[in-house]
Amino acid sequence: MNSDNDALGFEAYKKPRVKPRVGLFVTCLVDAMRPSIGFASIKLLEDAGCQVEVPSLQTCCGQPAFNSGADDYARAIVSQVIDAFEAFDYVVVPSGSCAGMLKVHAAELFVDDPQRMAGYAVFSQKTFEIMSFLRDVIGYQPEGVRYDGVVAYHDACAGLRELDIHDQPRALLDGVEGLSRVPLEGDNVCCGFGGTFCVKYPDISNEIVEDKARCIARSGADTLLAGDLGCLMNMAGKLSREGQSVKVFHTIEVLAGMANGPGICQSAGDMRSEEASALPTDAAGSSTKARS
Amino acid sequence: MRQTSDKFKANVTAALQRPNLRVALNRTTTLLQTRRAGVIADFPEYEEVRDAGQRIKDHTLENLDHYLVEFEKNAIASGAKVHWASTPKEATDTILEICKAHDAKSVTRVKSMLGEEIGIGEALAANGIERVETDLAEHIIQLAGDPPSHIVMPAMHKTHEDVAELFRRKHAEPPESDDVGELVESARRELRPKYVSADIGISGANFIVADTGSVVTVTNEGNAELTTAPPRVHIVNVGIEKLVPTTEHCSVFIRLLARAALGTEITQYTTFHNGPKRLGDLDGPEEMHIVLVDNRRTEMLADFLRPMLRCIRCGACMNHCPVYGAIGGHAYGGVYPGPMGSVLTPAMTSLKQAGDLPNACTLNGRCKEVCPVNIPLPDLMRRLREKQWRENLTPRSFRFGLGVWAFAVRRPWLYRLGSRVGVGVMRLLAGRRGRLSILPGAGGWTRHRNLPAPEGATFMQQYKRVKRGARGNGEA
Amino acid sequence: MSDRSNEARAAILGRIRSALGRGPLDAERIVRERQALLPSVETLQPKFDDLSNRQRFIARATSERLTATVDEVSDMPSAVTAVYRYLQRLKLETRIALPPMPRLRDLDWSDIEVHHDITPNEPVAVGLADYAIAETGTLVFTSRPESPTLFNYMPLHHVILVEAATILRYMEDYWGIVRRQGNVHPRNTNFITGTSGTADIEAKNIRGAHGPRYMHIVIVGEDARVES
C-alpha cells in the first residue's frame, strides 16, 4: 500500500481510526544533514501509539522566505505544506523553529484571504513541535531508555518563545535512566544561528556562539542537547572547531535510545578514541564500564 | 550625529576587533539583566502593569492629535511657550532662534536622545554656542568625541580604565585614581561651576502630560534640575509620541521605566516641570520653551510601525540582545542602537541607507519578551525586511539565491535531486571525519565553525528504501 | 508662535488625522476611554499589606539602593535636636542652608547657624517635605517662593524633615490630593528618592553624582489616623 499516491486519504478513511494519524514534517535540515533525527522521531511517535507517515510532497516550511520578507514565496510554500498534510490528524515537527513558522507565523500570510485562512487555522491547530506533542497532547513518557551522560540543555529561541517549549523536554529527559542534567548558564540566550542570519552576518554569529561555547564548557556537561538542528549544528560546529569533546545530539535521539552513535560533528573514529581514553580498565586490561 | 548605518558591516568588523568593547559590554549588560530580573521578580503585578502601559500608549496614539492640543493648551496656561517642528532642521532652527534672542553664550544640557536625533550638538557648535553635557555618560562622550552607544547609558562602550585616562587628560582637577567613585567625584567637581554660569538649559522629556501640560524628567544624578532651574531659559525638545493622558497614567509608566531600564523601582529624581518661574519664586527660569518634534513619527503612526511609538526609551531590548552584546551600539551607526534602533533608524532616515539593521537580527525574540510596553520588535523587523523585498532593496545575490531555493522547494522532485547531489558532495568531502572544516561557498560558516557531515543519503531517500523494503516483506 | 511653528502645527495635526483615518474628535469620549484604562488602579500597584506607610517608607529609605539614614522624633523642636545630632555625628560645621519657609524658619535653631540662601558647594541644607510616598521611599517637594527647588539639589548633605502624617502610600494618592485641592501644579514637583547616583560607568552604582550625596530623613510626629 503506497500512501504516497493516496492523495485523497481514502485508504486511511477506510481503516478504523484507533491510532492518531501523524504526519511527520521532517524539515529540510534533518532531511539533508541528519536523517537519524527523523527516524528517531518516527520510533518515538510509534512507541507513543501513533501511526506515522511521511508525506513525500514536503520540502521546506517556508521560513527562509518568510524571514527574508519574501511573503509571496512563503505563502506558496506553506500552502504546499498544508495540502501535503491534509489527511492527517496531527502534523509533528522535530524543530521548534519550523513548528513555530507553520503553527504561528504563517497566519500573517493569510490575513487578507479569509478562505485560505480558514484552511490554515485547521492546519495550525493540529501542528505541534514533537516534544510538546509527546507531553502536551499524548502525555507520553519514554520507558526503559538509558543514556549515561551529564546533559546541558539549550532552549532554542523559537521553540521557547513562540511555542512555550521549556518544561516538556526536561520532563522527558528526566525519565531517561543514567542521565543527569546540569544547569547551563544562559540556556535561554540565543546561540547565534538565526537561520539566514548566520549566512548574512557570520562574524556576529560567531561572536555569539563563542559565548555559548564558553558557557557550555563551564557547565561541566559531557553532552549538549536541544530541539533544533540548526542551533545544534551551529553549537556543535563551534565546539568541534574548538576541540571541545562535548557530544551534541538532538533531544529526540536520546529519548528514542538512538544516541549511541556519533554526535553531530563527530565521527565513528572520534567515538572510538574517546571511549578508549574514557574507559577505566582492570588489571587484565578489559573495560569495566557497561556499554550503553 | 553623523549616521553611518550604511557602513554597518564595516562598523561590525571594527567593533569585533576591539576586545575592550566586549569587556565593557559584558560588565554592563550582565549587571543590568540581573538587576532587572530581580526587581521584576519582586513585582507580581508587573505583567498587568505592562499590559496597562501598552493599552495607555495605544489609546494615546489613537488620539494623538487631541492629546497634543490638550497638552499645548495646558502648557501655555502654565506659562510655557509651545513650538512645533516637523523636521530636525525646524527644531534646531527654533532652538537657535531662542538662544540668539537671549544672546546665549553657553548652554547646559541634560541627556536627550531626541536632541541627538535633531542634531542639536552640531547646531550649537556651528553657531559658536558652548555646550556643556551634564549627564555623566554624556560628559564622558563629549570629552572623548564619541557618539552615544546606548540610549540610557551612552558611555557603555567605555571601561572605567578608559574613563580614568580620559578624565586625567581633560579635567581641571584630575581624579586621583581609577576608582569609579573617584571618577564620579572628579566629574562632579568639573561640572559644578557650569550649572550656575549657563545662559540656557536644554533638556528632553521622558513624558509629557496632557492634562497638566507638564514636562517630566526621570534621572538619577540631579543634573536635570541643576540644568533647568538656574539658567534664565529652559528649552525642552521632545518627540510628539512622549505624551501620556494624565498624571495617574504617568505613574504607570514611572513604575515601568526604571525597572526596565535599570532594575530599580524608581530613579532618584522624577520631576514634573510646569512652566517658568512663578511670581515670588526664588529660582527657576524666566522662560520655558517646549519644542514638539515630529521627525517621521506621523509616518510611523500611519503604518505597521505604529507600535514602535509606544517606546519609552528604557533600553531593555538592547540590554538583552545578543547582537548588541556582541557588537555594541556604535556599529548600528545611528542615534538609536539595538533592536529599537534597528526599527527607528530605517524609519526615521531611510530603509535603503539603514538596510542592514533589520536584517542583523536572529529573531530570537528576547527583546519583545523584556519590552515593558510589548512592542513586537522582531515582527516589526521582519516587516521591514518584507518592505525591502517589495521595494527591491534586498541585495541581488541574496534575492537570486532565495529565488532559486523557493523554486526548488515547490517542486519536490527537483528539490530531492538537488539535495541528493549536494548531500552526496558534502559527504564525499567530509570522508570519515564526521565533519567539514572547509566547504566552497560556505566560507562565512567554516571560517569559525565546522560543518557536520551529512549521513550520505537524505532522510527521504532512506525512508523510501525502508518503505520499499517493508512492502517487499509483506508489510504495508 | 512663529509662522514656521504654526505651519508645522497644522501639518503635524493634519498628518496625524490622516494617519488615523479620521477628523477631529469627541473630547468626552476620549476622557471616558482613558479613565476606563485605569479602572482599578489598585491592581497596578505593588502590594505591601503587611507594612504600615511609615514602616514601608523607612524600609525603602534605608535600603542599599537609597542609602538614606532615618531618625524618628515626636515633634518639630525635637527635629531640630535630631538635625544637631546629625551634624555632630558626622563632625560637620553647625551651619545650614534653610529655605525661607516659616515652618522651618520660625523654629528655635539655637546653636545652629542658619542662612536662607544656597550655593553650589553648600555642605548641608535642611528641608521640609510636603509629602512622602511609602511605596518607594520617596519625598515630595513643590517649588514655592518659600521653598526654592535648588535647596534640594545643591547641598552635599540633605537633611529632610517629614511629618509622619504626610506619608502617603502610593504616588497616585498624591495626585488625588492635588486634584482635590483644585488641581494646581507648581513650577516643579520633585519626587526625590534617595541620594543622587549614577551607574554610567560599567553599571556600578555610585553615590553623589551631582545632587546630594548624603540624605538624612527625620520623621516627625504620629502617623495619620486613617491611612490612605
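Look up a bit, the structure's there.
Residues numbered from 1 in each chain as written. Chains lettered and ligands numbered in written order. Predicted model: local features only at pLDDT ≥ 70, side-chain atom pairs only at ≥ 80, totals over all residues. Heavy atoms only, no water.

**As for the overall build of chain A**
Item 1. Summing up its helical and strand segments, chain A has 15 helices and eight strands in all.
Item 2. Within chain A, the proportion of its 292 residues that are buried is 57%.
Item 3. For chain A, the share of sequence-separated contacts (at least 6 apart) that also reach a separation of at least 24 residues comes to 74%. (Helix = DSSP H or I, 4+ residues; strand = E, 2+ residues; numbered from the N terminus. Buried < 20%, exposed > 50% of the residue type's maximum accessible area, 1.4 Å probe, protein only. Contact = heavy atoms within 4.5 Å.)

**Examining the environment of C:Asp75**
Residues and elements named next belong to chain C.
Item 1. Tracing the backbone shows Asp-75 in the loop between strand E1 (69–73) and helix H4 (76–89).
Item 2. A relative accessible area of 34% places Asp-75 in the partly exposed class.
Item 3. Here the side chain of Asp-75 touches Ser-78 through a polar contact of 2.4 Å, side chain to side chain. (Polar contact = N/O pair within 3.5 Å; in protein donor to acceptor, adjacent residues only side chain to side chain.)

**A few points about the nonpolar core**
It is characteristic of soluble globular proteins that their nonpolar side chains tend to be buried jointly.
Item 1. Counting residues in hydrophobic clusters, the biggest one holds 121 residues, and the most contacted among them are A:Ile204, B:Leu68, B:Phe207, B:Ile290 and B:Leu292.
Item 2. Examining the composition of this core, we find that nine residues originate from one element, helix H12 (residues 247–262) of chain B, more than from any other.
Item 3. The residues contacting B:Phe207, other than those within four sequence positions of it, are B:Ser214, B:Val215, B:Val216, B:Val218, B:Lys242, B:Val244, B:Cys250, B:Phe253, B:Ile254, B:Leu257 and B:Ile312. (Core = buried A, V, L, I, M, F, W, Y, C linked by side-chain atoms within 4.5 Å.)

**Topic: the interface of chain B and chain C**
As a measure of interface size, the accessible area lost when the parts come together is often cited.
Item 1. With 104 residues of chain B at the interface, the matching set in chain C holds 81 residues.
Item 2. Summing both sides of the interface, chain B and chain C together bury roughly 7800 Å²; the carbon and sulfur share of this comes to 55%.
Item 3. The largest contributions to the chain B side of the interface with chain C come from B:Trp84, B:Arg188 and B:Gln268, which together make up 9% of the buried area.
Item 4. Summed over the shared surface of chain B and chain C, the result is 16 salt bridges. (Buried area = accessible area lost by both parts, 1.4 Å probe. Salt bridge = Lys/Arg side-chain N within 4 Å of Asp/Glu carboxyl O.)

**Remarks on the arrangement of the chains**
Item 1. Most contacts, when the two pairs of chains in contact are compared, are made between chains B and C.
Item 2. A gap remains between chain A and chain C, with no contact made and the closest C-alpha atoms lying 20 Å from each other.

**Brief notes about the environment of B:Asp42**
Residue and element names in this part refer to chain B.
Item 1. Relative to the assigned elements, Asp-42 resides in the loop between helix H2 (19–41) and helix H3 (46–62).
Item 2. Given a relative accessible area of 65%, Asp-42 falls into the exposed group.
Item 3. Separated by 248 residues in sequence, Asp-42 and Ile-290 have C-alpha atoms that sit 37 Å apart.

**Brief notes about the environment of B:Pro307**
Residue and element names in this part refer to chain B.
Item 1. Relative to the helices and strands, Pro-307 is located in the loop between helix H13 (297–302) and helix H14 (316–319).
Item 2. Residues Pro-307 and Pro-376, 69 residues apart in the sequence, show an inter-C-alpha distance of 7.5 Å.
Item 3. Once you skip the residues sitting within four places of it in the chain, Pro-307 turns out to touch Ile-375 and Pro-376.

**Observations regarding the sheet that holds strand E1 (residues 81–85) of chain B**
In a beta sheet, neighbouring strands are held together by backbone hydrogen bonds and run either parallel or antiparallel to one another.
Residue and element names in this part refer to chain B.
Item 1. Strand order in the open sheet formed by six strands is E1-E10-E7-E4-E2-E3, and the pairing between neighbours is parallel. Each end of this open sheet is capped by a strand with a single partner; those strands are E1 and strand E3 (130–133). For this sheet, the mean inter-axis angle between neighbouring strands, taken without regard to orientation, is 20°.
Item 2. With four bridges joining them, strand E4 (residues 200–203) and strand E7 (residues 233–239) adopt parallel strand pairing. Of the residues in E7, the one forming a bridge with Ser-203 is Val-236. (Pairing = 2+ DSSP bridges. Axes fitted to C-alpha atoms, helices over the stretch in contact; angles between N-to-C directions.)

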